Amino acid sequence: MNEQYRREGWRSWALHPITLVIFLLFDLGFAIGLFVLSSISSSHSGIVSITNETFVSLGSSWNLALLWTTLPNLLFRLLGIFWDCIAAATIDRQPFTELRRPGGAKAGRSILLDYRTSPAPLRWAVAFKNRHFLVGVVVLLCFLLSLVVTPLSAHLFVLHEAIYTSNTTVLLNTVFNESGINSSTDWKRIFDTVAATRIYQGGAIPWTNNEFAFQNFSLPPTLPTSSGSLNLTIDTTAYSAYLDCQSLTGYQLQLSNTNANNTEGHVSLSATDRGCDVVQEFVVASIQPVYFKTTSEISCSAATYFSRLVFTAGTYSQDSPSLMANLSVISCIPGYAATPGALTIANGLSQRPEIVSFKRASPEMTRPTLWRVFEQNLFNAVSFNPNTEWSTTDFGSVVLYYASSLNPSSYLATDNLILSIRTIFTSIYLTAVATEAFQVTQPPETTTAIATSAQSRLYIIPWVAYTIASILIICGACLIWTWHYTNNHPSILMEEPSGMLSYAGILHHSILNTVVADDVCSKDNYDGKFVKRAKERWDFNEAVCSVAGDGPRALVQVENLRLRGNVTMNTEVEQ
């Protein structure tokens, strides 16, 4: 027999140096891989880009998330099974190692020791109590790999969006020309556009939102257009208009030129709004139930902000001295703004880019050169519609339709009218700017934009990676300890214990077999519970077990074994 084999005894495949080296390579490889992936994830905003989260295989659609949840879980579970094999071999070998210790070992740590009879959750505590520290650590690591590493590995990777920014050149295709809004502007078309977007909830026209009109820009032909999650941010100037409206109460109303039945007449309205005098004149008659008179006053002084847009709303009432009831007189000061800021659009430079945000700076309040033309022409377009209950300008019709959509039961309420007037005025101005004032320029100017794209990236969760890697490093250190302990603490086994026949050879001529077993089993009341009855008749507390000699016929020593109530029996029996 090989001399080294005789000296070290039989060793399980799970404790063979080659097996331990293979596990150590996988263990440290996984640990190093986790640290490397964590570093890459932190420094590169993720590990890899995921462009499509599903794939088709075997005629079914599969979610890629299965790959980064189940695969790590599978790999670490296999590693845990590998460690369980090493742990089982270490546990099973321990009693046979104790018998080869110089001076032997107590019976409780050798011939009576079987960790498989201890509850699995407490096995490590029993090992520490027996001062089998390697066994205790190995068992604890089994729990850590099963109950900590395996569940955490399913949440090791997570999908997040990473934001990338870069500078790119864009072309400014249009330039603002305020004289584009003039007396030849087709206001009917603009009113129809506003009605579609505001009243019927249509989408905003390109390069506008609900408040501003923006300059059109595009990528140069030499660069590919982008779509999807690409955002572009550019410093630009947005144009808008607002109304500062008040409901007037101190107005004078006169009715003149009434007919014989006093059912119609001429109404004259005069009032003063913040220092500017306004006047309206219109005819009322019983055939018209609702009135919404719109006029512009452009003769106000600079101190009183140049102009007013005046709106009078009411219903016909023959009982009223003025033939009008529910009267609301609203006067508004127009304001025009050129607002610099950073415009961000989404979905690349498609035909209808989505306005993401506009971070505005301080606006410049300035009136366009042709503001008088604009304000007067607002109320020039009039269309006859016999199906409506009011008679007003096209501007007024859009306001009333919008007011009806906001509050159908009380659309002539003063607050509702003020909100509608302000909203429609702003929408009309930005639509006029977008369609008339922004004019194509050749050649287009160039400027720099910030391109921001969002990509789905696979990240590793750092604390999960570091927790798993730390446990794996501890496993690696414990594995080196196991190799060192196995080499320096041989067992008495010459072969793998395989079935009860192997134990017959181990206990051949042993006092445990020839004396203890015969004594216990020969009793008339023997019930098959050998270990229990043996402990009742024999005192193993002070018994010391060891082997003398070497090789397959080593002598097994049992010292201080007492038959309860009798003298001590010291034996050396040839195996």
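In this text the structure is predicted, and so the values were computed from the model without any measurement.

Peer 1: Which residues make up the sheet that holds strand β9 (residues 264–273), and what values do they have?
Peer 2: The strand order β8-β9-β10 describes an open sheet built from three strands, whose pairing is antiparallel. Every interior strand has two partners, whereas the edge strands, β8 (252–256) and β10 (276–285), have only one. Within the sheet, the average angular offset between the axes of one strand and its neighbour, ignoring direction, is 15°. As paired strands, β8 and β9 are joined by five bridges and run antiparallel to one another. Looking at β9, one finds that S256 is bridged to H266.

Peer 1: Explain unusual backbone geometry to me, and be specific about the residues and the numbers.
Peer 2: The linkage connecting Q442 with the following residue, P443, adopts the cis geometry, with an omega of -10°. Tracing the backbone shows P443 in strand β17 (residues 438–460). Backbone geometry at R274 places phi at a positive 50°, although glycine is not the residue there. Along the polypeptide, R274 turns up in the loop between β9 and β10. According to the relative accessible area criterion, R274 is partly exposed, its value standing at 28%. Located in the positive-phi region is Y305, a residue other than glycine, with phi close to 70°. Mapping Y305 onto the fold places it in the loop between β11 (290–297) and β12 (308–316).

Peer 1: Would you mind going over the packing of aromatic side chains in detail, with residue names and values included?
Peer 2: Pairs of aromatic rings are described using the distance from one ring centre to the other and the angle between the two planes. Counted under the stated rule, the structure contains 29 aromatic pairs. Judged by centre distance (5.4 Å) and plane angle (75°), the ring pair of F374 and Y429 falls under edge-to-face. Taken together, the residues F374 in helix α7 (residues 371–377) and Y429 in helix α9 (residues 414–437) connect sequence positions 55 residues apart. Judged on exposure class, the residue F374 and its partner Y429 are both buried.

Peer 1: If you had to explain helix α5 (residues 133–153) to someone new, which residues and values would you point to?
Peer 2: For α5, with 21 residues, the first-to-last C-alpha span of 28 Å sits near the 30 Å given by 1.5 Å per residue. For α5, the complete set of buried residues consists of L134, V135, G136, V138, V139, L141, C142, L145, V149, T150, L152 and S153. Of the surrounding secondary structure, the elements contacted by the buried residues of α5 are α3 (65–98), α4 (123–129) and α10 (462–488).

Peer 1: Lay out the state of the cysteines with the relevant residues and their values.
Peer 2: Such a bond, covalent and formed between the sulfur atoms of two cysteines, is termed a disulfide. Summed over the entire model, instances satisfying the criterion amount to two disulfides. Between C245 and C332 runs a disulfide, and the two sulfur atoms are separated by 2.0 Å. One disulfide, between C245 and C332, carries an S-S torsion of 110° and so falls in the right-handed class. Taken together, the residues span a long stretch of sequence, with C245 in strand β7 (residues 230–248) and C332 in strand β13 (residues 324–346) at a distance of 87 residues. By relative accessible area, which is 0% here, C332 ends up buried.

Peer 1: So, the environment of P72: which residues are in play, and what are the values?
Peer 2: You can see P72 is positioned in helix α3. Counting along the chain gives 83 residues from P72 to H155, while the straight-line C-alpha distance between them is 8.9 Å.

Peer 1: Give a description of the nonpolar core that names residues and reports values.
Peer 2: Counting 47 residues, the largest nonpolar core has W187, F311, L378, F395, I421, F425 and I428 as the members making the most contacts within it. Put simply, the parts of the chain that give this core at least two residues each are α6 (187–199), β7, β11, β12, β13, α7, α8 (394–406) and α9. Tallying contributions element by element places α9 first for this core, with eleven residues. Counting 37 residues, the second largest nonpolar core, distinct from the first, contains L34, W68, F82 and A465.

Peer 1: Quick rundown of the confidence of the model for the protein chain? Include the residues and the values.
Peer 2: A residue-level look at the protein chain finds 90% of positions with pLDDT of 70 or above and a mean pLDDT of 85. Averaged pLDDT values for the elements of the protein chain fall to 48 in strand β21 (residues 568–574) and rise to 95 in α9.

Definitions and limits used
- Residues numbered from 1 in each chain as written.
- Predicted model: local features only at pLDDT ≥ 70, side-chain atom pairs only at ≥ 80, totals over all residues.
- Heavy atoms only, no water.
- Pairing = 2+ DSSP bridges.
- Helix = DSSP H or I, 4+ residues; strand = E, 2+ residues; numbered from the N terminus.
- Axes fitted to C-alpha atoms, helices over the stretch in contact; angles between N-to-C directions.
- Buried < 20%, exposed > 50% of the residue type's maximum accessible area, 1.4 Å probe, protein only.
- Phe/Tyr/Trp six-rings, centres within 6.5 Å; stacked < 30°, edge-to-face > 60°.
- Expected span 1.5 Å × (residues − 1).
- Contact = heavy atoms within 4.5 Å.
- Disulfide = S-S within 2.5 Å.
- Core = buried A, V, L, I, M, F, W, Y, C linked by side-chain atoms within 4.5 Å.
- pLDDT = per-residue confidence, 0-100.

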